[in-house]
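Spelled out from the first residue to the last, the chains are:
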Number of protein chains: 2
Amino acid sequence: MENNPRHLPADERRAVTVKSVVALAGSQNPSEITTAAIAKHMNLTQGALFRHFPNKEAIWQAVMEWVAERLLARIDRAAQGIASPLSAMEAMFMSHVEFVIEHPGVPRMMFGELQRAEPTPAKRMVQTLIQRYGERLHCLIEKGKTSGELSPTVDNEAAATLFIGTIQGLVMQSLLAGDVARMQIDAPRVFAIYRRGIASAQ
Amino acid sequence: MENNPRHLPADERRAVTVKSVVALAGSQNPSEITTAAIAKHMNLTQGALFRHFPNKEAIWQAVMEWVAERLLARIDRAAQGIASPLSAMEAMFMSHVEFVIEHPGVPRMMFGELQRAEPTPAKRMVQTLIQRYGERLHCLIEKGKTSGELSPTVDNEAAATLFIGTIQGLVMQSLLAGDVARMQIDAPRVFAIYRRGIASAQ
DNA sequence: GCTAAGATAGTAATCAATTACTATCTAACC
DNA sequence: GGTTAGATAGTAATTGATTACTATCTTAGC
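Being a predicted model, the structure only gives us computed values, none of them experimental.

J.: Explain the side chain of Gln115(A) to me, please; I cannot follow it from the model alone.
T.: Positionally, Gln115(A) belongs in the loop between helix H5 (105–114) and helix H6 (121–147). Side chain to side chain, Gln115(A) and Asn29(B) meet in a polar contact 3.4 Å long. Those residues within four positions of Gln115(A) in sequence are excluded, and the remaining contacts are Gln28(B), Asn29(B), Pro30(B), Arg108(B) and Leu175(B).

Structure (structure tokens):
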């Protein structure tokens, strides 16, 4: 099963590094992950990491690039082919939650990165990720209004903010309970309230 | 205006320390605040801090105690004397947002503390704060149901989670925009959706 | 003048990053 | 096709900077 040859091509090694950081962030404070811890997790010496990344900042950038790519692909796939905008939003929501359950460290890394004072490459990547996320939401909300599923009085920006905040709230609850899987059960319950908040009255 | 005598009684010095941490957290990543930075901000040498706190952990604990006391007092005062449970929730929401605007570092410290792996005293303080916050919400939601203002089908737990998540979403937006004051404008817009999600149909 | 509070000047530990060296893979060449 | 030279990837030890924390000396204030 476990097959980890000592030598790996550079691109594969970088991929393993990213996965290691994501895994570590699932069980410890992302800001406290050291290069030594990353190396240990992937059975490598600490110095070897810097053969593949110029510095630690570059590692975090690579991680956030991986996150952005995977998350957007996931929500796009979830919404694909669903005619009803509201149902598409719900599918997006649930697939996002599933992604977070698979990778609990991700939202914590994102939030941690956002509150950096300096605009690091990783922070910028998070910003563009959320921007693109918002574009998809705005599109669906507009479609929902024209289709009549959403109330015409809905405040688009506020609805997008609350959509993401809803997930953030679930993450916080899971941190409080120390139980990530609970999100799976709580997510539909919370989304039901959100749905009621934006849907047109039957 | 500025009156800072070199020598201060211990309790006053501790209070100044807490305020300094809260202020610093407003403009930089809370997890990167060093004891040296705290001391510099209050015109003190780094070593002198340890005359008043046994270690850094104790400083953070004191900060979170301050936060818990102030925030709960604030929302209690806001809800006080408001007959309508929904209006009380809105007042609570807005006073919480105001508190965050005054102290932007607070929600970031709280979230950062929650995702610590080890159960530090500060983390436990955050947990009990949110627990008490939740009690107040549950109480209002129940009252809202009996008064008929809230839909009888509302999921209490989900509603409480979403209430806090709504604020978390606003905080994230303010981090993205780099503009805390925007929350003042966005808050009522976002709460309107939440309100619609839990209120009984007209 | 005694005590609480602060300054000064450390210590030990930790961290990212670098260095000199070694192992392994790959491809050119006879 | 086997040998070898160069490129790639990894090790182990070390560096300088930073950190929380402490020991010792100094001073302000009742």
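J.: Help me out: how do you make sense of the relation of the copies chain A and chain B in this one?
T.: Turning one copy of the chain about an axis and sliding it along that axis gives the other copy, so a rotation and a shift relate them. For the pair chain A and chain B, the best superposition has an RMSD of 0.1 Å and corresponds to a rotation of 180° with a translation of 0.0 Å parallel to the axis. When the rotation and shift are considered jointly, the pair of chain copies conforms to a two-fold rotation axis. Using C-alpha coordinates, one finds that chain A approaches the rotation axis most closely at Gly197(A), a distance of 1.9 Å. A high fraction, 100%, of the interface residues of chain A reappear at the interface in chain B, so the copies pair face to face through one surface.

J.: For this particular structure, what's the right way to read the pattern of salt bridges?
T.: Once the charged atoms of two side chains with opposite charge are near each other, the side chains can pair. Residue and element names in this part refer to chain A. Tallying each qualifying case throughout the model produces 18 salt bridges over all chains. Arginine 74 is the partner of glutamate 102 in a salt bridge, and the nearest nitrogen-oxygen pair spans 2.9 Å. Of the two residues, glutamate 102 sits in helix H4 (residues 85–102) while arginine 74 sits in helix H3 (residues 56–79), which places them 28 residues apart along the sequence. Assessed through its relative accessible area of 47%, glutamate 102 is described here as partly exposed.

J.: Help me out: how do you make sense of the environment of Glu142(A) in this one?
T.: Turning to its location among the elements, Glu142(A) is positioned in helix H6. A C-alpha to C-alpha distance of 16 Å links Glu142(A) and Tyr194(A), two positions 52 residues apart in sequence.

J.: I'm lost on the protein's contact with DNA strand D in this one. Help?
T.: If you check the shell around DNA strand D, you find 20 residues, and the closest are Ala10(A), Arg13(A), His52(A), Gln46(B) and Lys56(B). In the model, a phosphate oxygen of DNA strand D is placed 2.6 Å from a nitrogen or oxygen of the Lys56(B) main chain. A breakdown of the residues in the surface near DNA strand D according to their chemical character gives 6 nonpolar, 9 polar and 5 charged.

J.: So what exactly am I meant to see when it comes to the interface of chain A and chain B here?
T.: Interfaces are frequently sized by the accessible area removed from exposure as the parts join. The partner chain B presents 45 residues to the 45 residues of chain A that form the contact. Summing the contributions of chain A and of chain B, the shared interface buries around 4,000 Å²; its carbon and sulfur component is 60%. Ranking the residues of chain A by area buried against chain B places Gln115(A), Ile193(A) and Arg196(A) at the top, with a combined share of 17%. The closest approach of N and O atoms between Arg116(B) and Glu32(A), which form a salt bridge, is 2.8 Å. The tally of links between chain A and chain B comes to 11 residue pairs in polar contact (both at pLDDT 80 or more). Elements that contribute at least two residues to the side of chain A that touches chain B include exactly H5, H6, helix H7 (156–177) and helix H8 (182–198) of chain A. Counting residues per element, the side of chain A that touches chain B draws most heavily on H7(A), at 16 residues.

J.: Please clarify how the packing of H7(A) against H8(A) should be interpreted in this entry.
T.: A packed helix pair is summarised by two numbers, namely the angle formed by the two axes and the spacing between the axes. Residues and elements named next belong to chain A. In contact at an axis separation of 10 Å, H7 and H8 are set at 150° when each is read in the N-to-C sense. Relative to H8, the element H7 is oriented roughly antiparallel. When you trace H7 past H8, the crossing you get is right-handed. From H7, Ala159, Ala160, Leu162, Phe163, Thr166, Leu170, Val171, Gln173, Ser174 and Ala177 reach across to H8, where they touch Arg182, Met183, Asp186, Ala187, Val190, Phe191, Tyr194 and Ile198. Broken down by class, the residue content of the contact of H7 with H8 amounts to 13 nonpolar, 3 polar and 2 charged.

J.: What is the right way to read the environment of Ala79(A) from this model?
T.: All names here are of chain A. Along the chain, alanine 79 falls in helix H3. We classify alanine 79 as buried; its relative accessible area is 18%. As for alanine 79 and valine 22, which are separated by 57 residues in sequence, their C-alpha atoms are 25 Å apart. Those residues in contact with alanine 79 that sit more than four places away from it in its chain are Ala88 and Met92.

J.: In this structure, what is going on with the protein's contact with DNA strand C? I would like to understand it.
T.: Near DNA strand C, the surroundings consist of 21 residues, among which Lys56(A), Arg13(B), Thr45(B), Arg51(B) and His52(B) are the closest. In DNA strand C, atoms within 4 Å of the protein come 62% from sugar and phosphate. In this structure, a base nitrogen belonging to DNA strand C sits 3.0 Å away from a side-chain N or O atom of Arg51(A). Interatomic distance of 2.7 Å between a backbone N/O atom of Ala10(B) and a phosphate oxygen of DNA strand C. Classifying every residue of the surface near DNA strand C gives 7 nonpolar, 9 polar and 5 charged.

Cut-offs and rules
- Residues numbered from 1 in each chain as written.
- Chains lettered and ligands numbered in written order.
- Predicted model: local features only at pLDDT ≥ 70, side-chain atom pairs only at ≥ 80, totals over all residues.
- Heavy atoms only, no water.
- Helix = DSSP H or I, 4+ residues; strand = E, 2+ residues; numbered from the N terminus.
- Polar contact = N/O pair within 3.5 Å; in protein donor to acceptor, adjacent residues only side chain to side chain.
- Contact = heavy atoms within 4.5 Å.
- Least-squares fit on C-alpha atoms with pLDDT ≥ 70 in both.
- Salt bridge = Lys/Arg side-chain N within 4 Å of Asp/Glu carboxyl O.
- Buried < 20%, exposed > 50% of the residue type's maximum accessible area, 1.4 Å probe, protein only.
- Near = heavy atom within 4 Å.
- Nonpolar A, V, L, I, M, F, W, Y, C, P; charged D, E, K, R; others polar.
- Buried area = accessible area lost by both parts, 1.4 Å probe.
- Axes fitted to C-alpha atoms, helices over the stretch in contact; angles between N-to-C directions.
- Parallel < 35°, antiparallel > 145°, perpendicular 65-115°, else oblique.
- Left-handed = near helix turned anticlockwise from the far one by under 90°.

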